[in-house]
Amino acid sequence: MKKIFVVSFISVGYFLNAQSLSNSPYAKYGIGDVKYDNTIETASMGGISTAFISDFTSSFNFANPANNANFELTSIRLEATNENNYFKSNLNDMKSTKHSTYLSNISLAFPISSKIKMGLTYQPYSSKSYDIVTEDQKESVFYQNGFKGSGTINTAAVALSYKINQEFSVGARANLYFGDLYDLTEFRASNAEYVNGFETKNRVRNFNFTLGTSYQKLNTRTDKKLTIGATATFGNTSNMITEYTNSTYRYSDPTAGTKTDINIIDQQDVKSKNLIPLQASVGVGYGSENHWFLSGQLDYKKGENISYFGDTFNLQDTYRVSAGGWYLPNYNNFRSYFSRVIYRYGAFYEKGNLKIDGTNINKFGISAGVMLPFKNSSITRMSGLEIGVEVGKRGTVKNNLINQNFINLRVGFNFADKWFRKSLYN
């Protein structure tokens, strides 16, 4: 069975690498829309994870690898996301929609001992997928600007947790980022035979690591608990190689994209190491054992530097405030299935890394979700169907920019049991 699962894990990883993910035109800047660390469990709670230690033995936290003191089973997670984006701009009264469905997470986690826990995960980190055409006319000349982008950066990570004592835990996660991003901007004029194209290719092979710590104090008399957590991501190694080409050309076959008579005006190759810069997070949570939990979280991410149009494009620092939690009515009520369902809720506000024409491109949203336990699932082996929804807004129509409304649906399974336990301890 283990051999079959390993082959399946690799196969799904290959499928993830080949996916084309939908996102907004703002993905044109930087490394695209960042999607990593956004599993159904955390996304349904507004993104809180830093001070979230699951009460149950089947949930592994990758965002803060220290938060796995209660994890005791082998867990396999498979998750898919359906993105629905609705765009609007005052520029030419533009309106459009974009939808996509993709496999967003596959992970395997298991305990090595009562104190040491380990997890492996494979997810898309960010993506570009846009195709925009704008047109203008001055006197008798028609002008057309075309913007295209594609590619995905994926991440493979391994996490380790260590429980120091009943209250303190630490953890570390090693992250490998890999993929290719492509941007093309073309300018056309009706009185010109040639097209002017600005092409940027980014080849990403990057490595860093995340350190985490957590503290949880349980009052055994009242079953109330306080949780505090913190993480930091740093240590960029390797390079992102950027190839930039400014050229003029004609299309001999526009449908196939075949170019001819290519004249290179400028060409540059740039290496950079600030692709995934410093990130930090702190969180505080409070709840009642096996009943409810509420947490607040503050995230910080230093702005990236990325080559674009042959120049360095500086993105500003990002701040995100999240709040959320979960509620379990009564898991011992076997007469009512919905009393054994975990209900999740959350909200967030993010000051984004983009500032265009003096306008910040910010983002906010609300979220909700449920974990529907399998019929034979017990509180010590919490397996089930995960469903989450996220509704929000990004950007603005001010200064002819684009307002993006989104509805993201997520569905996944968490299979947890004492699988592979004998072989782990042999």
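In this text the structure is predicted, and so the values were computed from the model without any measurement.

### Comments concerning the overall build of the protein chain
The helix and strand inventory of the protein chain stands at 3 helices and 20 strands. Every one of the 426 residues in the protein chain was classed for burial, and the buried ones make up 49%. In the protein chain, 66% of the contacts between residues at least 6 apart in sequence involve partners at least 24 apart. Accessible surface for the protein chain amounts to roughly 20000 Å². Of this, 57% is attributable to carbon and sulfur atoms.

### Concerning the side chain of aspartate 55
When you line up the elements, aspartate 55 lands in the loop between helix H2 (40–43) and strand E2 (74–89). There is a polar contact of 2.6 Å between the side chain of aspartate 55 and the backbone nitrogen of asparagine 290. Not counting residues up to four positions away in its chain, the partners in contact with aspartate 55 are Asn70, Lys225, Ser288, Glu289, Asn290, His291 and Trp326.

### Thoughts on the environment of glycine 287
Structurally, glycine 287 can be placed in strand E10 (residues 279–288). Given a relative accessible area of 0%, glycine 287 falls into the buried group. In sequence terms glycine 287 and lysine 224 are 63 residues apart; their C-alpha atoms lie 5.7 Å from each other.

### Observations concerning the nonpolar core
Judged by nonpolar contacts, Met45, Ile48, Phe52, Phe56, Phe293, Trp326, Leu328, Tyr331, Ile342, Met371 and Met382 together constitute the single largest core of 11 residues. Grouped together as the second largest cluster of nonpolar side chains are 10 residues, Ile153, Val204, Met240 and Ile276 included.

### Examining the pattern of salt bridges
Per the counting criterion, the structure on display carries 16 salt bridges. In this structure, the salt-bridge partner of glutamate 41 is arginine 344, at a minimum N-O distance of 3.4 Å. Of the two residues, glutamate 41 is situated in helix H2 and arginine 344 in strand E15 (residues 342–351); the sequence distance between them amounts to 303 residues. In this pair, the class of glutamate 41 matches that of arginine 344, namely buried. Aspartate 183 serves as the salt-bridge partner of lysine 128, at 3.3 Å between the closest nitrogen and oxygen. Here lysine 128, found in strand E4 (residues 116–138), pairs with aspartate 183, found in strand E6 (residues 168–189); they are 55 residues apart in sequence, far enough to count as distant. Overall, aspartate 183 belongs to the buried group, its relative accessible area being 2%. Among the ionic contacts, a cluster of salt bridges with common partners joins Glu41, Arg77, Glu79, Arg344 and Glu386.

### Digging into unusual backbone geometry
Even without a glycine there, the phi angle at glutamate 139 is positive, about 60°. In this fold, glutamate 139 is placed in the loop between E4 and strand E5 (141–163). Of the residues examined, glutamate 139 reaches a relative accessible area of 78% and is grouped as exposed.

### Regarding the confidence of the model for the protein chain
Close inspection of predicted coordinates is inappropriate in any region flagged by low pLDDT. Here the protein chain shows a mean pLDDT of 86. Residues at 70 or above account for 89%. Residue range residues 1–16 is modelled with pLDDT below 50. Its contacts to residues more than four positions away, or to other chains, number 19 contacts.

### Notes on the packing of aromatic side chains
Summed over all chains, the structure comprises 15 aromatic pairs. With centroids separated by 5.7 Å and ring planes inclined at 50°, the aromatic side chains of phenylalanine 56 and tryptophan 326 adopt a geometry described as tilted. Here tryptophan 326 lies in strand E14 (residues 318–327) and phenylalanine 56 lies in the loop between H2 and E2, a separation of 270 residues in the sequence. Residue phenylalanine 56 is classed as buried on the basis of its relative accessible area, which comes to 5%. A centroid spacing of 5.4 Å and a plane angle of 45° characterise the contact between tyrosine 300 and tyrosine 319, whose relative ring orientation is tilted. Of this pair, tyrosine 300 sits in strand E11 (residues 292–301) while tyrosine 319 is found in strand E14, placing the two residues 19 residues apart along the sequence. Owing to a relative accessible area of 24%, tyrosine 300 belongs among the partly exposed residues under this scheme. In this structure, arginine 320 is placed above the aromatic ring of phenylalanine 348, and the distance from its NZ or CZ to the ring centre is 3.9 Å. The ring centre of phenylalanine 406 lies 5.3 Å from the NZ or CZ of lysine 363, which sits over that ring.

### Topic: the environment of alanine 69
Tracing the chain through its elements places alanine 69 in the loop between H2 and E2. For the pair alanine 69 and threonine 57, spaced 12 residues apart in sequence, the C-alpha to C-alpha distance is 8.8 Å. Apart from residues no more than four positions distant in its own chain, alanine 69 is found in contact with Lys117, Lys163 and Ser169.

### With respect to the environment of alanine 109
Relative to the helices and strands, alanine 109 is located in strand E3 (residues 94–111). A relative accessible area of 2% means that alanine 109 is categorised as buried. Spatially, the C-alpha atom of alanine 109 lies 9.3 Å from that of alanine 416, the residues being 307 residues apart in sequence. Ignoring anything within four residues of it in the chain, the contact list for alanine 109 reads Phe60, Phe71, Leu73, Thr74, Ser75, Met118 and Gly119.

### As for the side chain of serine 383
By secondary structure assignment, the location of serine 383 is in the loop between strand E18 (363–373) and strand E19 (384–395). Only 2.8 Å separates the side chain of serine 383 from the backbone nitrogen of alanine 416, close enough to count as a polar contact.

### Observations concerning the pairing of E14
Where E11 lies against E14, 10 bridges are found, and the strand directions are antiparallel. The residue bridging lysine 301 from the neighbouring strand is threonine 318, located in E14. One ladder, built from 9 bridges, connects E14 with E15; its direction is antiparallel. Bridge pairing in E15 links tryptophan 326 to arginine 344.

Cut-offs applied
Residues numbered from 1 in each chain as written. Predicted model: local features only at pLDDT ≥ 70, side-chain atom pairs only at ≥ 80, totals over all residues. Heavy atoms only, no water. Helix = DSSP H or I, 4+ residues; strand = E, 2+ residues; numbered from the N terminus. Buried < 20%, exposed > 50% of the residue type's maximum accessible area, 1.4 Å probe, protein only. Contact = heavy atoms within 4.5 Å. Areas by Shrake-Rupley, 256 points an atom, 1.4 Å probe, with all protein chains shown as cover. Polar contact = N/O pair within 3.5 Å; in protein donor to acceptor, adjacent residues only side chain to side chain. Core = buried A, V, L, I, M, F, W, Y, C linked by side-chain atoms within 4.5 Å. Salt bridge = Lys/Arg side-chain N within 4 Å of Asp/Glu carboxyl O. pLDDT = per-residue confidence, 0-100. Phe/Tyr/Trp six-rings, centres within 6.5 Å; stacked < 30°, edge-to-face > 60°. Lys NZ or Arg CZ within 6 Å of the ring centre and 35° of its normal. Pairing = 2+ DSSP bridges.

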